[in-house]
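Examining the three-dimensional arrangement
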4 protein chains.
Amino acid sequence: MELEVHLLAVTPQAEKVIEEAGRTCYLSFHRQGPESDRRFIRMLIERGHESVLEHATASFRIRGGSRSFTHQLVRHRLASYSQQSQRYVDEQNFQWVEPPGIGDHPEARAVFSDFMNQARETYRRLQAMGILNEDARYVLPNAVCSEIVVSANFREWRHILRLRGSRKAQWEIRRMAAEILRILKREAPSVFYDLDTGDRQGAAKEFRAPVDGA
Amino acid sequence: MELEVHLLAVTPQAEKVIEEAGRTCYLSFHRQGPESDRRFIRMLIERGHESVLEHATASFRIRGGSRSFTHQLVRHRLASYSQQSQRYVDEQNFQWVEPPGIGDHPEARAVFSDFMNQARETYRRLQAMGILNEDARYVLPNAVCSEIVVSANFREWRHILRLRGSRKAQWEIRRMAAEILRILKREAPSVFYDLDTGDRQGAAKEFRAPVDGA
Amino acid sequence: MELEVHLLAVTPQAEKVIEEAGRTCYLSFHRQGPESDRRFIRMLIERGHESVLEHATASFRIRGGSRSFTHQLVRHRLASYSQQSQRYVDEQNFQWVEPPGIGDHPEARAVFSDFMNQARETYRRLQAMGILNEDARYVLPNAVCSEIVVSANFREWRHILRLRGSRKAQWEIRRMAAEILRILKREAPSVFYDLDTGDRQGAAKEFRAPVDGA
Amino acid sequence: MELEVHLLAVTPQAEKVIEEAGRTCYLSFHRQGPESDRRFIRMLIERGHESVLEHATASFRIRGGSRSFTHQLVRHRLASYSQQSQRYVDEQNFQWVEPPGIGDHPEARAVFSDFMNQARETYRRLQAMGILNEDARYVLPNAVCSEIVVSANFREWRHILRLRGSRKAQWEIRRMAAEILRILKREAPSVFYDLDTGDRQGAAKEFRAPVDGA
């Protein structure tokens, strides 16, 4: 399976809500009109008044990301998370993510693939011996997929996308950033107008799909 | 004018979104069905797993609140605010809030009313002398109305409503809590099922409307 | 009285703690030596890795600030506050802050001063009629002093000082920023090395002291 | 090696600072005296005014914890973290944590130990093929040790210790909670007076040490 990003929820008429909220500061409601939200939001961003963007939020479901990726993602503290628990979920049929740097190297790929199968086998053997899932999971590699739902407001999404969409970020979280930016540009084009996917298309190109555990 | 609370935005199908997010932890999507969200959400609350409630948010516009009230409100740090700026808005026609404890006392009411008119007069005189609005506002009393938009997620709204709806809270913010709870019970009855307005109806009864500055 | 900023607490050997914490990311403890913390911290700031600065904190007591000022200050949500409560404290002998723009204008100053005395008189009259302090305070002007203790980590102090030390900020909070920066430059010179007080000395010069309520 | 918790920094005279800050709300500084901080802090906790506890903070270095543990820990968002990076640190000599449920079961222990050695071998083989550390790390199991520094204020530590010291928490993070509580009870006995280690001694007893990777 590929890394999948699904929009789960977004503030309806988000840009209108942001304009409505932001005009409270100046009591300038009389300046509203068709497309006034676009100009207003760009003005906010240019002046650095990004706090107003916090009144709109978006939630995404992310499937096919590794535990390396989720451990990075949850470091963003101004967001909300619900993540597949390795304590409660039976991982005997886990799926995994293959880094492109490994997938492009046939010998490395074979070593990696063998090891992931051994990991699954070891997990199952420990389960069969009566070891609890919460302890058996200590053998699960970083590559194992972990589903996660993340919600954040638009100001924080701008921050996350800038940071995690950059060339310094790892390929997996850059892929997430590219997908989320694509969706948010559709939902709120003015809020994300100055963030481009050029760099992220690079990320997308070098990206390889997670591999089914079977 | 009375204290007014308007719902500006809320996560669409909020309870369904919460169920969708929360089932990620256990990968228990197969248990979804008609009304399964209600049972799921009550289970979350009973077990104290309130973090899942963060995936839904609501934004409100509050008009007719005093600066005493807004200074209390903005102390809640897990929320977003856009407030009428006394630096930028000309306050020469400000409106004010009359505390019920003063409104019920004819002599006090007259003293209060005279003073609020003096405050407006003084503000205008300072403006006429060329004093900037941002400095003239130092004479504005706490009673002066200040419009504010506030957004928070449902977990935080539960926290705010419990704290600010209690008898220990001041009457103005209790009135806000009663209004917001009434609206949120309509939008997401399961998320707020265990918070009752009984105590808050008391708050509402003892509440008196803000008085027009004119 | 003048605006007073007192350092209440600061992380001991703050720059050493930051270095200790930051080297964890790279397990580069062997690179520590005399003055290595200075170079390490400047490198963090230049690369934008400011999260490491969060491991040191400072707390300040601020006296002689107005309620206009505290209402601005508490909007910073990544900090902790304990503020003099107008609900619980008897304000019959309140002190107030005189904006320099008013203090420099003799006629305005007289109008302002008369009004502040009327405010105190009105507050006392309402108290004498049996009105509770929490309601009588609705007549208290923004200029009334309010004591506050604020704690934040060094990363957040950098953010607050940049924002509130700028020419766009109001004079009162700029004065606070100048004082806090002066103290923090002494306590942790490397952490604040790139923030200069040049602009803030301007703020300090144009600042006038709060006026005793008597 | 065993799980190690080292106090890296703590607010000096933390309980006195909390009293100093908290008395600001009531301007009740005249009530300070020998041991008044103890009574004041217990009163704050009994009344639920825990925000005052935020003015003191403590930082800890934690060694010998697994990546399962750190992934749980960093979900606490009102804290600051600096963690050993698997992208930048060469993990060819990693150490690992052995869950007690596995260590107590000789057959499981052998399976686990063999697998961890295979994991290290696989990591090294991938490195030898030219795979970057940031990609080779996808084979690293949850059991691999990861050093982390964490800072939080005392209010948040109370929250974390209650949640992670309970029987529902996993053994590794309970062990951390027991150690941190022991240290904080020494540094600030009044702030943590009502949290007991009884339950956590259980956690400590059932705890087994991490195993050296060699």
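Above this text sits the structure in question.
This report concerns the structure included in the present document. The structure presented is a predicted model; accordingly, all values stated were derived computationally and were not measured. Every chain is numbered on its own, with residues counted from 1 as its sequence reads. Naming scheme: in the order in which they are written, chains are lettered from A and ligands are numbered from 1. Per-residue local features of the predicted model are confined to residues with pLDDT of at least 70, and side-chain atom pairs are confined, for both listing and counting, to 80 or more; whole-chain, interface and lining totals are unaffected and use all residues. Think of the side-chain values as coming from all heavy atoms in the structure, minus any hydrogens and water.

**Points about the sheet that holds strand 1 (residues 4–10) of chain C**
Residues and elements named next belong to chain C. A strand pair is defined by DSSP finding two or more bridges across the two strands. By the criteria applied, helices consist of DSSP H or I runs no shorter than four residues and strands consist of E runs no shorter than two, each listed in order from the N terminus. Taking strand neighbours across the sheet as the criterion, the 4 strands line up as 1-2-4-3 in an open arrangement whose pairing is antiparallel. Both edges of this open sheet fall to strand 1 and strand 3 (80–83), since each of them pairs with a single strand only. Ignoring strand direction, the axes of neighbouring strands in this sheet form an average angle of 20°. Judged from the 6 bridges that link them, strand 1 and strand 2 (residues 57–63) form a sheet pairing that is antiparallel. Its bridge partner being in strand 2, Glu4 is matched across the sheet by Arg63. Along the sheet, helix 7 (residues 154–164) contacts strand 1, strand 2 and strand 4 (148–153); its crossing angle with strand 4, the most-contacted strand, is approximately 115°. Think of each axis as a best-fit line through the C-alpha atoms, taken over the contacting stretch in the case of a helix, with angles from 0 to 180 degrees between the N-to-C directions. Pairs of residues are marked as contacts when any of their non-hydrogen atoms sit within 4.5 Å.

**Structural notes on helix 7 (residues 154–164) of chain A**
Summary of the burial criterion: residues with accessible area below 20% of their type's maximum are buried, those above 50% are exposed, and those between are partly exposed, where the area comes from a 1.4 Å probe applied to protein chains only. Of all the positions in helix 7 of chain A, only Phe154, Glu156, Trp157, Arg158, Ile160, Leu161 and Arg164 of chain A are classed as buried. Polar contacts, as counted here, are pairs of nitrogen or oxygen atoms within 3.5 Å of one another; within protein the pair requires one atom able to donate a hydrogen and one able to accept it, and residues that are adjacent in sequence qualify only if both atoms are side-chain atoms. One side-chain oxygen at the N-terminal end of helix 7 of chain A lies 3.0 Å from the backbone nitrogen of Arg155 of chain A; it belongs to Asn153 of chain A.

**Some details on unusual backbone geometry**
Look at Gln13 of chain B: it is not a glycine, yet its phi comes out positive at around 50°. Within the fold, Gln13 of chain B resides in the loop between strand 1 (4–10) and helix 1 (14–26). Taking relative accessible area as the criterion, Gln13 of chain B reaches 66% and is therefore assigned exposed. Although it is not a glycine, Glu35 of chain C sits at a positive phi angle of roughly 70°. Here Glu35 of chain C is to be found in the loop between helix 1 (14–26) and helix 2 (36–47).

**So, the side chain of Arg164 of chain D**
Residue and element names in this part refer to chain D. Following the sequence through the fold, Arg164 ends up in helix 7 (residues 154–164). Glu156 provides the closest opposite charge to the buried, salt-bridge-free Arg164, at an N-O distance of 8.8 Å. A polar side-chain atom of Arg164 sits 2.9 Å from a polar atom in the side chain of His76. For Arg164, the contacting residues outside a window of four places in its chain are Gln72, His76, Ala169, Ile173, Arg174 and Ala177. The sign given to each residue is positive for Lys and Arg and negative for Asp and Glu; His and the chain ends receive no count. Salt bridge, as used here, is a side-chain nitrogen of Lys or Arg placed within 4 Å of a carboxyl oxygen of Asp or Glu.

**A few points about the relation of the copies chain A and chain D**
When chain A is fitted onto chain D, the two copies agree to an RMSD of 0.0 Å after a turn of 180° and an axial shift of 0.0 Å. The symmetry that links the two subunits is that of a two-fold axis. No C-alpha of chain A lies nearer the rotation axis than that of Pro141 of chain A, which sits 1.9 Å from it. A shared binding surface is used by both copies, with 100% of the interface residues of chain A retained as interface residues in chain D. We place the copies in one frame by least squares, fitting the C-alpha atoms of every residue whose pLDDT is at least 70 in both.

**Observations regarding the sheet that holds strand 4 (residues 148–153) of chain B**
Pairing in this open sheet of 4 strands is antiparallel, and the strands run 1-2-4-3 (chain B) from one edge to the other. Looking at the sheet topology across the chains shown, the edges are occupied by strand 1 and strand 3 (80–83) of chain B. Put simply, the sheet's adjacent strands are angled 20° from each other on average, direction ignored. In terms of strand pairing, strand 3 of chain B meets strand 4 of chain B through 4 bridges, oriented antiparallel. What sits directly across from Ser82 of chain B, in strand 4 of chain B, is Val149 of chain B. Most of the contacts of helix 1 (residues 14–26) of chain A go to strand 3 of chain B, to which it runs at about 50°, and overall it touches strand 1, strand 2 (57–63), strand 3 and strand 4 of chain B. Strand contacts of helix 7 (residues 154–164) of chain B: strand 1, strand 2 and strand 4 of chain B, with the helix running at about 115° to strand 4 of chain B, the strand carrying the most contacts.

**Side note on the interface of chain A and chain D**
Each side of the interface is counted separately: chain A has 47 residues, and chain D has 47 residues. When two parts are put together, the accessible area they lose, computed with a 1.4 Å probe and summed over both, is reported as buried area. Regarding the contact of chain A and chain D, the summed buried area is about 4,200 Å², with carbon and sulfur atoms giving 55% of it. Inspection of the chain A/chain D interface yields 0 salt bridges. Taken together, chain A and chain D are joined by 29 residue pairs in polar contact (both at pLDDT 80 or more). Examining the composition of the side of chain A that touches chain D, we find that 10 residues originate from one element, helix 5 (residues 106–128) of chain A, more than from any other. Class assignment of the residues belonging to the side of chain A that touches chain D gives a composition of 21 nonpolar, 15 polar and 11 charged. Only Asp, Glu, Lys and Arg are considered charged in this grouping, and only Ala, Val, Leu, Ile, Met, Phe, Trp, Tyr, Cys and Pro are considered nonpolar; every other residue, Gly among them, is considered polar.

**Some remarks on the packing of helix 7 of chain D against helix 8 (residues 171–187) of chain D**
Residues and elements named next belong to chain D. As a packed pair, helix 7 and helix 8 sit with axes 9 Å apart at the nearest point and diverge in direction by 140°. By the angle between their axes, helix 7 is oblique relative to helix 8. Crossing geometry of helix 7 relative to helix 8 is assigned as left-handed. Residues Phe154, Trp157, Ile160, Leu161 and Arg164 of helix 7 form the contact with helix 8, whose own contacting residues are Ile173, Arg174, Met176, Ala177, Ile180, Leu181 and Leu184. For the contact of helix 7 with helix 8, a count of residues per class yields 10 nonpolar, no polar and 2 charged. Throughout this description, any angle smaller than 35 degrees is read as roughly parallel, any larger than 145 degrees as roughly antiparallel, any in the 65 to 115 degree range as roughly perpendicular, and the remainder as oblique. Crossing handedness: left-handed means the near helix sits turned counterclockwise from the far one by under a right angle, and right-handed means the same turn made clockwise.

**Notes on the packing of helix 5 (residues 106–128) of chain B against helix 5 (residues 106–128) of chain C**
Here helix 5 of chain B crosses helix 5 of chain C at 165°, and the two axes come no closer than 11 Å. On the basis of the axis angle, helix 5 of chain B is roughly antiparallel to helix 5 of chain C. For helix 5 of chain B against helix 5 of chain C, the interelement crossing comes out left-handed. Of the residues in helix 5 of chain C, those in contact with Ala108, Val111, Phe115, Gln118, Ala119, Thr122, Arg125 and Leu126 of chain B of helix 5 of chain B are Ala108, Val111, Phe115, Gln118, Ala119, Thr122, Arg125 and Leu126 of chain C. Classifying every residue of the contact of helix 5 of chain B with helix 5 of chain C by side-chain character gives 10 nonpolar, 4 polar and 2 charged.

**Quick look at the state of the cysteines**
Here, the term disulfide refers to a pair of cysteine sulfur atoms separated by no more than 2.5 Å. This structure, assessed with the given rule, holds 0 disulfides over all chains. With no disulfide of its own, Cys145 of chain A has Cys25 of chain B as its nearest cysteine by sulfur position, at a separation of 17 Å.

**Let's talk about the side chain of Thr24 of chain C**
Counting through the fold element by element, Thr24 of chain C comes out in helix 1. Relative accessible area serves as the criterion here: at 0%, Thr24 of chain C is assigned to the buried category. A polar atom in the side chain of Thr24 of chain C sits 2.8 Å from the side chain of Arg61 of chain D. Excluding its chain neighbours within four sequence positions, the residues that come into contact with Thr24 of chain C are Phe29 of chain C together with Arg61, Ser82, Gln83, Gln84, Glu147, Ile148 and Val149 of chain D.

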